[in-house]
Amino acid sequence: MTSQMRKKLELIGIAVSLVLIAYVFIKYIFPLVWPFLLAYGLAILISPIVKFLKDKLHFHKNAAAALTLIFALSGIIVLLYLLISAVVSQITAFVNEWPGYQEKFLMYLRNVCDMMEGSFHMEQGAVYDRVCSGVDRFMVSMEEKIMPMVMNNSLQTLLTLMD
């Protein structure tokens, strides 16, 4: 075996080892460690505020930490509320505008089909009817086959994450 071949095999071995170590860390160690990492990160973030409250405003260290955490968590809750309300309002607006979007899409589809029928000298409405029947078959297939599979897998994944 040549030295170049040996070096390539060593590099492949190192790469495979690193991938296995990363997999073991992500799969088994990270779920146990992440709460501590989160707490450490939060402690680092609130440390300057606690120091300010303790030194300048003469708060007790525990009271300053508690007050800072309460304000930080309140801020996070307010931001989540604003984010969720914005998403809900956008979804509501989309649902309310859906008939208009659907009408515009069907008009565009009809124009494209008419253009194709004119270009290929086909019977008026043949392409549109063919496309509509294909979409209908697709929607039935989605409803009967794909959606139950997605929902079952989603439920199993959710239950696995909750364990």
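Rules behind the numbers
Residues numbered from 1 in each chain as written. Predicted model: local features only at pLDDT ≥ 70, side-chain atom pairs only at ≥ 80, totals over all residues. Heavy atoms only, no water. Patch = residues over 30% accessible without salt bridge, like charges linked within 9 Å, V, L, I, M, F, W, Y side chains within 5 Å. Areas by Shrake-Rupley, 256 points an atom, 1.4 Å probe, with all protein chains shown as cover. Salt bridge = Lys/Arg side-chain N within 4 Å of Asp/Glu carboxyl O. Helix = DSSP H or I, 4+ residues; strand = E, 2+ residues; numbered from the N terminus. Buried < 20%, exposed > 50% of the residue type's maximum accessible area, 1.4 Å probe, protein only. Phe/Tyr/Trp six-rings, centres within 6.5 Å; stacked < 30°, edge-to-face > 60°. Lys NZ or Arg CZ within 6 Å of the ring centre and 35° of its normal. pLDDT = per-residue confidence, 0-100. Axes fitted to C-alpha atoms, helices over the stretch in contact; angles between N-to-C directions. Parallel < 35°, antiparallel > 145°, perpendicular 65-115°, else oblique. Left-handed = near helix turned anticlockwise from the far one by under 90°. Contact = heavy atoms within 4.5 Å. Nonpolar A, V, L, I, M, F, W, Y, C, P; charged D, E, K, R; others polar. Bend = angle between axes of the 7 residues up to and from the residue.

Chemist: Would you mind showing me how to read a nonpolar patch on the surface here?
Modeler: On the surface, Leu73, Ile76, Leu80, Leu83, Ile84, Val87, Val88, Ile91, Phe94, Val95, Trp98 and Tyr101 cluster together into a nonpolar patch covering about 1200 Å² of accessible area. Mapped onto the fold, Tyr101 is located in helix α2 (residues 61-119).

Chemist: Honestly, the pattern of salt bridges in this entry has me stumped. Any pointers?
Modeler: Close approach of charged atoms allows side chains of opposite charge to pair. Enumeration over the complete set of coordinates arrives at two salt bridges. Arg6 is the partner of Glu10 in a salt bridge, and the nearest nitrogen-oxygen pair spans 3.8 Å. With a gap of four residues between them, Glu10 and Arg6 both fall in helix α1 (residues 3-55), about one helical turn apart. Accessibility expressed as a relative area gives 53% for Arg6, which makes it exposed. The shortest N-O distance in the salt bridge between Lys51 and Asp55 comes to 3.2 Å. Of the two residues, Lys51 and Asp55 are both situated in helix α1; the distance of four residues between them amounts to about one turn of the helix. Since its relative accessible area comes to 37%, Asp55 is described here as partly exposed.

Chemist: Help me understand the packing of aromatic side chains in this model?
Modeler: Any aromatic ring pair is given by two values, namely how distant the centres are and how the planes are angled relative to each other. The tally for this structure, following the rule as stated, stands at three aromatic pairs. Ring geometry for Phe25 against Phe30: centres 6.1 Å apart, planes inclined by 55°, an arrangement best described as tilted. When the ring of Phe94 is compared with that of Tyr101, the centres are 5.6 Å apart and the planes differ by 35°; the resulting orientation is tilted. Here the aromatic residues Phe94, Trp98 and Tyr101 are joined through ring pairs into a cluster of three or more. Taking NZ or CZ as reference, Arg110 lies 3.7 Å from the ring centre of Tyr128, over its face.

Chemist: Would you explain the confidence of the model for the protein chain in this entry?
Modeler: Caution applies to low-pLDDT parts of the model: their predicted coordinates are not meant to be read in detail. In this model, the protein chain carries an average pLDDT of 89, and 97% of its residues clear a pLDDT of 70 or more. Confidence, read as mean pLDDT per element, is least for helix α3 (residues 126-162) in the protein chain (82) and greatest for α2 (92).

Chemist: So what exactly am I meant to see when it comes to the packing of α1 against α2 here?
Modeler: Their axes nearest at 9 Å, the elements α1 and α2 cross at an angle of 125°. Comparing the axis directions of α1 and α2 gives the class oblique. Once α1 is placed against α2, the crossing between them reads as right-handed. Contact residues: α1 offers Leu42, Ile46, Ile49, Val50, Leu53 and Lys54, while α2 offers Lys61, Ala64, Ala65, Leu67, Thr68 and Leu69. Of the residues that constitute the contact of α1 with α2, the class distribution is nine nonpolar, one polar and two charged.

Chemist: Just checking my understanding: could you explain α2 for this structure?
Modeler: The α-helix advances 3.6 residues per turn, and as a result positions three or four apart in sequence lie on the same side. Its axis deflected by about 50° at Glu97, α2 carries its strongest bend there, up to four residues before the proline Pro99. When α2 is considered as a whole, its buried residues turn out to be Ala64, Thr68, Leu109, Cys113 and Glu117. Just downstream of α2 lies His121, where phi reads positive at about 55°.

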